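# Notes for the structure review
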Amino acid sequence: MRARKRFGQNFLTDRAVITRIVATMKPTPTDRVIEIGPGRGALTALLLESGCHLEAIEIDRDLIALLHESLPELNVIEADALKFDFGMALSQGPVRIVGNLPYNISTPLLFRLFAEQGITDMHFMLQKEVVERMTAEPGTRAYGRLSVMTRYYCEATPLFSVPPTAFTPRPKVTSAIVRLRPRRHDPAAQDTNVLASLLIDAFSQRRKTLRNALGKHLSEQELASLGIDPGVRPETLSVTDYVNCANLVTERKSEAQ
Ligand code: SAM
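The residue count restarts for each chain, going from 1 along the sequence in the order it is written. Owing to the predicted nature of the model, reporting of local features is limited to residues with pLDDT of at least 70; listing and counting of side-chain atom pairs is limited to 80 or more, with chain, interface and lining totals taken over all residues. Hydrogens and waters are ignored; side-chain quantities use all the structure's heavy atoms.

### Remarks on the overall build of the protein chain
Short version of the rule: We count a stretch as a helix when DSSP gives it H or I for four or more residues in a row; a strand needs E for two or more, and each element gets its number in order from the N terminus. Only C-alpha atoms enter the radius of gyration; for comparison, a globular chain is expected to reach 2.2 Å times N to the power 0.38, where N is the number of residues. Burial classes follow relative accessibility: with a 1.4 Å probe on protein chains only, a residue under 20% of its type's maximum area counts as buried, one over 50% as exposed, and anything between as partly exposed. Note on contacts: a residue pair is in contact if any heavy atoms of the two residues lie within 4.5 Å. Only the protein chains shown count as cover for residues, and the accessible areas themselves come from Shrake-Rupley with a 1.4 Å probe. A residue counts as positive if it is Lys or Arg and as negative if it is Asp or Glu; His and the chain ends are not included. All charge positions are set by atom: Lys at NZ, Arg at CZ, Asp at CG, Glu at CD.
Secondary structure assignment for the protein chain yields eleven helices and nine strands. Relative to the globule expectation of 18 Å for 257 residues, the C-alpha radius of gyration of the protein chain, 20 Å, shows essentially globular dimensions. Judged by the C-alpha coordinates and their principal axes, the protein chain covers about 65 × 40 × 30 Å. Looking at the protein chain as a whole, 48% of its 257 residues qualify as buried. Here the analysis covers contacts within the protein chain between residues at least 6 apart in sequence; of these, 65% occur between residues at least 24 apart. Carbon and sulfur atoms provide 50% of the accessible area of the protein chain, an area that totals close to 12,800 Å². Of the side chains in the protein chain, 32 bear a positive and 29 a negative charge, and the two mean positions are spaced by 6 Å.

Given below as structure tokens:
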């Protein structure tokens, strides 16, 4: 069966890498696990061997038929992971999530999962460059919206790199495994939608100063009142700085109502 580019299909074929991912995750028989994009079942078979309660979400019907044959005990849900109701699954108890994610949906999927409550942890294979952006420090070139959102919602640990030779077909870029552990950020954003919209504007033109990038949300005086220099670039602000900015906007909005 040919790999479908539109579904971001690069199948893991290197046994050592497959074993290392599952050994790092350490699933146990009491875990409920959701795998996103099981594909031909490379990770799935080993996950099942651990005895965990596994459900897999796959969009490609041909692969689902293949999985029914090769892993008949597997509960496969035919769905688009971007539309799947994770909240419903999480209402029945904590869930661990794992996946070699299709590169074309990874960022929107991460943003969706960040907003969910009750996920124990997530182990994802992503493009290495995406993992670098997720875990970048303020003041570096890789630091941006994804870094702030990831740090706000999770503790992110880059684990190891995976070369293109571990896949069929081979992707053009190196991949990496990241572990995400959801946590509460202190201070919390009063309205995470405000935080998200502020970040879009802050990082859409990185060369602008903060006074210009965030001008429609906050005045220079308001930025200064938070101890933030309006003349700096957006990538120099910490997550806490952005949360403080968002909360000032939220408070002003609620006062105006
Ligand atoms: N887990 C397998 C492996 O490691 O060999 C396959 C990984 S492949 C990179 C991504 C998988 O996600 C494919 O099986 C693809 O069909 C599936 N997929 C792509 N888009 C999806 C979506 N929106 N929802 C669910 N699965 C999707």
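### Topic: the side chain of Ser106
To keep things clear, this is the line we draw: Between N or O atoms, a polar contact is any pair within 3.5 Å; within protein, one atom must be a potential hydrogen donor and the other a potential acceptor, and residues adjacent in sequence are included only when both atoms are from side chains.
Mapped onto the elements of the fold, Ser106 is located in helix α5 (residues 106-114). By relative accessible area, Ser106 is classed as buried at 4%. Looking at Ser106, its side chain comes within polar contact range of the main-chain oxygen of Tyr103, at 3.2 Å.

### A closer look at the domain arrangement of the protein chain
Let me state the cut-off plainly: For every domain, the bounds stem from an assignment made automatically or drawn from a database. Each of two parts loses accessible area, computed with a 1.4 Å probe, when they are put together; buried area is these two losses added. Any Lys or Arg side-chain nitrogen located within 4 Å of an Asp or Glu carboxyl oxygen qualifies as a salt bridge. Think of it as three bins: nonpolar holds Ala, Val, Leu, Ile, Met, Phe, Trp, Tyr, Cys and Pro, charged holds Asp, Glu, Lys and Arg, and polar takes everything else, Gly as well.
What the domain assignment reports for the protein chain is domain 1 (5-182) and domain 2 (192-256). Distance from the C-alpha centre of domain 1 to the C-alpha centre of domain 2: 32 Å. Residue-level contacts link twelve residues of domain 1 with 14 residues of domain 2. Counting the surface lost from both domain 1 and domain 2, the interface buries some 1,000 Å², and carbon and sulfur atoms represent 74% of this. Linking domain 1 with domain 2 are zero salt bridges. On the surface where domain 1 and domain 2 come into contact, there are four residue pairs in polar contact (both at pLDDT 80 or more). Residue composition of the side of domain 1 that touches domain 2, grouped by class: six nonpolar, three polar and three charged.

### Description of the site of the ligand
Stated formally: To be near a molecule or strand, a residue needs just one of its heavy atoms within 4 Å of it.
Neighbouring the ligand are 22 residues; Leu12, Gly37, Glu58, Asp80 and Ala81 lie closest to it. Expressed as a share of its isolated accessible area of 600 Å², the protein-covered part of the ligand is 98%. Contributing elements (two or more residues each) for the shell around the ligand: β1 (11-12) and β3 (53-58). A per-class count over the shell around the ligand returns twelve nonpolar, six polar and four charged.

### What about the packing of aromatic side chains?
For the record, the criterion: Only Phe, Tyr and Trp rings are paired, with Trp represented by its six-membered ring, and only when their centres lie within 6.5 Å; those with planes under 30 degrees apart are stacked, over 60 edge-to-face, the remainder tilted.
Going through the model one piece at a time under the given rule, you end up with six aromatic pairs. Geometrically, the ring pair formed by Tyr152 and Tyr153 is edge-to-face, given 4.9 Å between the ring centres and 90° between the ring planes. Pair check on accessibility: Tyr152 and Tyr153 agree, each one buried. Taken together, the ring pairs in this structure connect Phe111, Phe114, Tyr152 and Tyr153 into an aromatic cluster.

### A few points about helix α8 (residues 192-204)
Stated formally: In this scheme, a helix's expected span is set at 1.5 Å multiplied by one less than its residue total.
For α8, built from 13 residues, the straight-helix expectation of 18 Å at 1.5 Å per residue is met to within 8% by its first-to-last C-alpha distance of 18 Å. The complete set of buried residues in α8 reads Val194, Leu195, Leu198, Leu199, Asp201, Ala202 and Phe203. Between the side-chain oxygen of the N-cap and the backbone nitrogen of Asn193 there are 2.9 Å, and the N-cap of α8 in question is Asp191.

### Some words on the sheet that holds strand β4 (residues 75-78)
Stated precisely, the cut-off is as follows: Two strands make a pair as long as DSSP finds a minimum of two bridges between them. Comment: axis = line fitted to C-alpha atoms, over the contacting stretch for helices; angle = value between 0 and 180 degrees taken between N-to-C directions.
Overall, mixed pairing links the seven strands, which are arranged β4-β3-β2-β5-β6-β9-β7 in an open sheet. Across the chains shown, the open sheet's two edge strands, defined by having one partner strand only, are β4 and β7 (154-162). Adjacent strand axes in the sheet meet at a mean angle of 20°, parallel and antiparallel pairs treated alike. Bridge count between β3 and β4: four bridges; the pairing is parallel. Paired with Glu55 across the strands is Asn75, a residue of β4.

### Quick look at the environment of Ile105
Tracing the backbone through its elements, the reader meets Ile105 in the loop between β5 (95-100) and α5. It is 7.7 Å that separates the C-alpha atoms of Ile105 and Leu82, two residues lying 23 residues apart in sequence.

### What about the pairing of strand β2 (residues 32-36)?
Going by this rule: If the strands point away from the viewer and the path from the first strand over the helix to the second runs clockwise, then the crossover is right-handed.
Burial runs high along β2: four of the five residues are buried. Here five bridges tie β2 to β3, and the two strands are oriented parallel to one another. Its bridge partner lying in β3, Glu35 is registered against Ala56. Regarding topology, helix α2 (residues 42-49) serves as the crossover connection from β2 to the parallel β3, and that connection is right-handed.

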